[in-house]
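Residue-level listing of the chains:
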Amino acid sequence: MSAGAVLTGNPGLPTVVLVHGLAGSHHAWDRVVPKLEYVTRIVAVELDSSGSIGDDAGDVAALLDTRTVVVGHSRGGLVATALAERRPDLVCALVLLCPPWSRAARLTARGPVERALAMPGVGELMWALASGEQQRTAQRSAFAPGATVPDQFITDARTRGRRNFVRSSRAIDSYLGARPLADRLRNLPIPTELVFGHLDARLALPTDEFADLGHVRTTVLTGTGHTPQWEAPDEVGDLITRITGIPRSEGESR
């Protein structure tokens, strides 16, 4: 078992599960939680992410006892999908923020820096010697150009460590190599919201890969990079609120 969770919100309201991405933590949702806590019960998951996507999905399932809206960012979107595949009885809707949808779509994962980080010896040395500014530079691709990189994201990556980062990244390739996201969602008759940032430097935007899936709606957020829950929390909060079926005004009045 490698998952914990931060609970907040109203226990009497619909449950929303928030699953962070690669080398992240529950703090990735700090700007969205205030938008949701009056209208939902929130389970912000904290994953170790040292195993497979399926292992992480099993860990999330062990935290749940009711049907939920599951929201996943990046790698967390694949964990959310795997949870729905394994335990459809626990998932009433999916919200996937910038999920890697194929191996080829992962732009920075194919870049020289991440390839070098995966190399024994070389990668360990690079990670250990990276200055604070180099660590910040490495995180810039997760945000739109000109955006400030939050200190929390740098802290989370350093806390996870290089080995965890490499294993977590390989798990993404293994999961998508077995079947790309569109094929997986095709077999999941669950309402699904796909959200992408049109300035995402880490992920290629899909073209028509999801066009024939009637239960899947795709939104591209203008001016947003790979981390919409941080860069556009109002839009993401509104989307999650809408899919729960409870108007925000109703929740705020409780």
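What counts, and where the lines are drawn
Residues numbered from 1 in each chain as written. Predicted model: local features only at pLDDT ≥ 70, side-chain atom pairs only at ≥ 80, totals over all residues. Heavy atoms only, no water. Buried < 20%, exposed > 50% of the residue type's maximum accessible area, 1.4 Å probe, protein only. Helix = DSSP H or I, 4+ residues; strand = E, 2+ residues; numbered from the N terminus. Pairing = 2+ DSSP bridges. Right-handed = clockwise from strand over helix to strand, strands pointing away. Salt bridge = Lys/Arg side-chain N within 4 Å of Asp/Glu carboxyl O. Patch = residues over 30% accessible without salt bridge, like charges linked within 9 Å, V, L, I, M, F, W, Y side chains within 5 Å. Areas by Shrake-Rupley, 256 points an atom, 1.4 Å probe, with all protein chains shown as cover. Phe/Tyr/Trp six-rings, centres within 6.5 Å; stacked < 30°, edge-to-face > 60°. Lys NZ or Arg CZ within 6 Å of the ring centre and 35° of its normal. Polar contact = N/O pair within 3.5 Å; in protein donor to acceptor, adjacent residues only side chain to side chain. Contact = heavy atoms within 4.5 Å. Core = buried A, V, L, I, M, F, W, Y, C linked by side-chain atoms within 4.5 Å. pLDDT = per-residue confidence, 0-100.

**Q** Give a description of the pairing of strand E5 (residues 91–97) that names residues and reports values.
**A** Of all seven residues making up E5, six are buried, and the element is well covered by its neighbours. Pairing analysis gives six bridges linking strand E4 (residues 68–73) to E5, with the strands arranged parallel. Note that in E5 the partner of valine 69 across the bridge is alanine 93. In the classification by handedness, the crossover that spans E4, the intervening helix H3 (residues 75–86) and the parallel E5 is right-handed. In terms of strand pairing, E5 meets strand E6 (residues 192–197) through four bridges, oriented parallel. What sits directly across from leucine 94, in E6, is threonine 192.

**Q** Residue-level account of the environment of glycine 111, with values.
**A** Position of glycine 111 relative to the elements: it lies in the loop between E5 and helix H4 (112–117). A C-alpha to C-alpha distance of 10.0 Å links glycine 111 and arginine 202, two positions 91 residues apart in sequence.

**Q** Outline the pattern of salt bridges, supporting the account with residue identities and numerical values.
**A** For the structure shown, the criterion picks out 14 salt bridges. Across the salt bridge formed by arginine 136 and aspartate 151, the nearest N and O atoms sit 2.7 Å from each other. Within this pair, whereas arginine 136 is found in helix H6 (residues 132–139), its partner aspartate 151 is found in helix H7 (residues 151–178), the two being separated by 15 residues in sequence. Arginine 136 sits in the partly exposed class, given a relative accessible area of 22%. What you see here is one network of salt bridges that share partners, running through Glu85, Arg179 and Arg184.

**Q** Describe a nonpolar patch on the surface, with residues and values.
**A** A surface patch of nonpolar side chains, amounting to about 330 Å² of accessible area, comprises Val113, Met119, Val122 and Met126. Its location among the elements puts methionine 119 in the loop between H4 and helix H5 (122–129).

**Q** Give me the lowdown on the packing of aromatic side chains, citing residues and values where you can.
**A** Two descriptors summarise a pair of aromatic rings, namely the distance from one centre to the other and the angle between the planes of the rings. For the coordinates displayed, the defined rule picks out two aromatic pairs. Three or more aromatic residues joined by ring pairs make a cluster, and in this case those are Phe143, Phe153 and Trp230. Taking the ring centre of tyrosine 175 as reference, the NZ or CZ of arginine 184 above it sits at 3.6 Å.

**Q** Can you tell me about the side chain of serine 25, naming the residues and giving the values?
**A** Note on placement: serine 25 falls in the loop between strand E2 (15–19) and helix H1 (33–36). Residue classification places serine 25 among the buried positions, given a relative accessible area of 4%. A polar side-chain atom of serine 25 sits 2.8 Å from a polar atom in the side chain of aspartate 156. Those residues in contact with serine 25 that sit more than four places away from it in its chain are His20, Glu46, Gln152, Asp156 and Arg160.

**Q** So what about the nonpolar core? Which residues, and what values?
**A** Residues Leu83, Leu94, Leu181 and Leu185 are the most contacted members of the largest nonpolar core, which totals 39 residues. If you list the elements that add at least two residues to this core, you get E2, strand E3 (41–47), helix H2 (53–61), H3, E5, H7, helix H8 (181–186) and E6. Sorting elements by how many residues they give to this core places H3 first, with six residues. Setting aside residues up to four positions removed in sequence, leucine 181 forms contacts with Leu78, Thr81, Leu96, Pro99, Pro100, Trp101, Leu176, Leu194 and Phe210. Core analysis: the second largest hydrophobic core is formed by 26 residues, Ala28, Val33, Leu36 and Val236 among them.

**Q** Go over the confidence of the model for the protein, please, and point to the residues and values.
**A** Low pLDDT marks regions whose predicted coordinates should not be analysed in detail. Scored by pLDDT, the protein comes out at a mean of 90, with 95% of its residues at no less than 70. For the stretch residues 248–254, pLDDT sits under 50, and the model shows eleven contacts to residues farther than four places along the chain or on other chains.

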